[in-house]
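# Close look at the chain arrangement
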Amino acid sequence: NAPRGLRMDFKMTLEAIGFEEQTGADQCLYVHKQRGIDLALFVDDLEASGTDADLEWLKSALKKRYLIKFLGSIIRLLCHISKCKCGASSFSFFPT
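Since the structure is predicted, the reported quantities are computational estimates derived from the model, not experimental observations. (Residues numbered from 1 in each chain as written. Predicted model: local features only at pLDDT ≥ 70, side-chain atom pairs only at ≥ 80, totals over all residues. Heavy atoms only, no water.)

With 12 residues, helix 2 (residues 52–63) should reach 16 Å at 1.5 Å per residue; the first-to-last C-alpha distance of 16 Å fits that figure. Within helix 2 the residues assigned to the buried category are Asp54, Leu58, Lys59, Ala61 and Leu62. Down the axis, helix 2 shows its buried residues gathered within 165° of arc, on one side only. Turned more than 90 degrees from where helix 2 packs its buried face, Asp52, Ala53 and Lys63 sit exposed. Buried positions along helix 2 lie against helix 1 (2–16), strand 3 (37–42) and strand 4 (45–49). (Helix = DSSP H or I, 4+ residues; strand = E, 2+ residues; numbered from the N terminus. Expected span 1.5 Å × (residues − 1). Buried < 20%, exposed > 50% of the residue type's maximum accessible area, 1.4 Å probe, protein only. Arc of directions from axis to C-beta. Contact = heavy atoms within 4.5 Å.)

Below, the structure is given as structure tokens:
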């Protein structure tokens, strides 16, 4: 299945450059603790937050493996957070 293969490729690439998958929250969330980058991966789209310098580092690292297109900064991101009785959280993002 192509989306799963791409996700696994991104996972290996992100982990190779220091990201950790946040499986306790969601398999599409990654954190680079040393650089303070939070990253969400949705099939072949990703959103990341961090300092300008750290995001430039991330873009440079990803360009070594992928053809990427930077679509610009997110000005505002609405988020709906749901919690289930088991304590797990679910995040829904709505870019505006």
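Moving on: the nonpolar core. Formed by Phe10, Leu14, Phe19, Tyr30, Ile37, Leu39, Leu41, Leu58, Leu62 and Tyr66, the largest nonpolar core amounts to 10 residues. Per-element accounting of this core gives the leading share, 3 residues, to strand 3. Discounting residues that sit within four places of it in the chain, Tyr30 has contacts with Arg7, Lys11, Leu14, Phe19, Glu20, Glu21, Gln22, Ile37, Asp38, Leu39 and Leu41. (Core = buried A, V, L, I, M, F, W, Y, C linked by side-chain atoms within 4.5 Å.)

By volume, the largest pocket is sized at about 1,000 Å³. Surrounding the largest pocket, 32 residues form its lining, Leu46, Glu47, Ala48, Phe70 and Gly72 being those nearest its centre. Looking at the lining of the largest pocket, the elements with two or more residues in it are strand 2 (29–32), strand 3, strand 4 and helix 2. A per-element tally of the lining of the largest pocket places helix 2 first, with 6 residues. Tallied by class, the residues present in the lining of the largest pocket amount to 20 nonpolar, 4 polar and 8 charged. (1 Å grid on protein atoms, 1.4 Å probe; cavity = no way out; pocket = protein on both sides within 12 Å on 5 of 7 lines; lining within 4 Å. Points joined across faces, edges and corners; volume = space filled by probe spheres on them. Nonpolar A, V, L, I, M, F, W, Y, C, P; charged D, E, K, R; others polar.)

So, about the packing of aromatic side chains. Tallied over the entire structure, the rule returns 1 aromatic pair. The side chain of Arg35 reaches across the aromatic face of Trp57, ending 4.0 Å from its centre. Sitting above the plane of the Phe70 ring, Lys59 keeps its charged end 3.8 Å from the centroid. (Phe/Tyr/Trp six-rings, centres within 6.5 Å; stacked < 30°, edge-to-face > 60°. Lys NZ or Arg CZ within 6 Å of the ring centre and 35° of its normal.)

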